[in-house]
Amino acid sequence: MEKPDGGWSLHGPRCAAADAKDPTPCQGPSTAVTVVDGTGREVTGCRWHSARLLASDGGARLHPMAGLLPCAVDIYCHAGDLPPFAWQVGR
Ligand SMILES: [Zn+2]
């Protein structure tokens with residue numbers, strides 16, 4: 001898969017928030033925001049995959065420092081529009 005702007009590839013490295021079964025590429029910087037998952041593990045990822053992680057892991061939340069980011073509300077809104085494990089239903 002080509003890397004249009006050197007930022008991503010379907011088969012190349014993606015951010016840490018991307019689920020192994022989620023085929024979607026990262027959108028934006030791969031270290032945009034940190035999510036704390038249900039086990040307390042901190043995962044830093046792009047906005048796209050962080051929202052998908054929030055939608056899929058019932059215990060996940062944005063790291064408290066993410067509240068300082070203008071995009072935090074956008075990520076929560078995006079997560080709210082997604083079903084859990086969106087990639088399983090082709091989203
Ligand atoms: Zn990503």
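Residues numbered from 1 in each chain as written. Predicted model: local features only at pLDDT ≥ 70, side-chain atom pairs only at ≥ 80, totals over all residues.

## Looking at the overall build of the chain
Item 1. The secondary structure content of the chain amounts to two helices and three strands.
Item 2. Ordered by position from N to C terminus, the α and β elements of the chain give β-β-α-β-α.
Item 3. Counting the 91 residues in the chain, one finds 29% classified as buried.
Item 4. Considering only intrachain contacts with a sequence separation of at least 6, the fraction spanning at least 24 residues in the chain is 45%. (Helix = DSSP H or I, 4+ residues; strand = E, 2+ residues; numbered from the N terminus. Buried ≥ 20, exposed ≤ 12 C-beta atoms within 10 Å, placed from the backbone. Contact = placed C-beta atoms within 7 Å.)

## Considering the sheet that holds strand β2 (residues 42–45)
Item 1. The strand order across the open sheet built from three strands is β2-β1-β3, with neighbouring strands paired in antiparallel fashion. Two strands bound the open sheet, and with one partner strand each, they are β2 and β3 (61–62).
Item 2. In this structure, strand β1 (residues 33–36) lies alongside β3, joined through two bridges in antiparallel fashion. Paired with valine 36 across the two strands is arginine 61, which belongs to β3.
Item 3. Running over the sheet, helix α1 (residues 47–56) touches β1 and β2 and is turned about 15° from β1. (Pairing = 2+ DSSP bridges. Axes fitted to C-alpha atoms, helices over the stretch in contact; angles between N-to-C directions.)

## Concerning the pairing of β1
Item 1. Here β1 shows a buried face lined by Val33 and Val35 and an unburied face lined by Thr34 and Val36.
Item 2. In this structure, β1 lies alongside β2, joined through four bridges in antiparallel fashion. In the strand pairing of β2, threonine 34 is matched with threonine 44.
Item 3. Taking the residues that link successive antiparallel strands as the turn, the β1-β2 hairpin has five residues, and the phi of glycine 40 there is positive, at about 90°.

## Concerning α1
Item 1. With ten of ten residues buried, α1 is to be regarded as a mostly interior element.
Item 2. Taken as a whole, α1 has its buried residues at Arg47, Trp48, His49, Ser50, Ala51, Arg52, Leu53, Leu54, Ala55 and Ser56.
Item 3. The inward-facing, buried residues of α1 contact β1, β2 and α2 (72–81).

## Observations concerning the confidence of the model for the chain
Item 1. Mean pLDDT for the chain: 88, with 87% of residues reaching 70 or above.
Item 2. In this model, residues 1–9 is a region of pLDDT below 50 whose contacts with residues beyond four sequence positions or in other chains number nine contacts. (pLDDT = per-residue confidence, 0-100.)

## Structural notes on the nonpolar core
Item 1. Counting residues in hydrophobic clusters, the biggest one holds 15 residues, and the most contacted among them are Ala17, Val35, Cys46 and Leu54.
Item 2. Where this core is concerned, the elements lending two or more residues are β1 and α1.
Item 3. The biggest single contributor to this core is α1, with five residues.
Item 4. Beyond its immediate sequence surroundings of up to four residues, valine 35 is in contact with Ala17, Val43, Gly45, Ser50, Leu53, Leu54, Ala60, Leu62 and His63. (Core = buried A, V, L, I, M, F, W, Y, C linked by C-beta atoms within 7 Å.)

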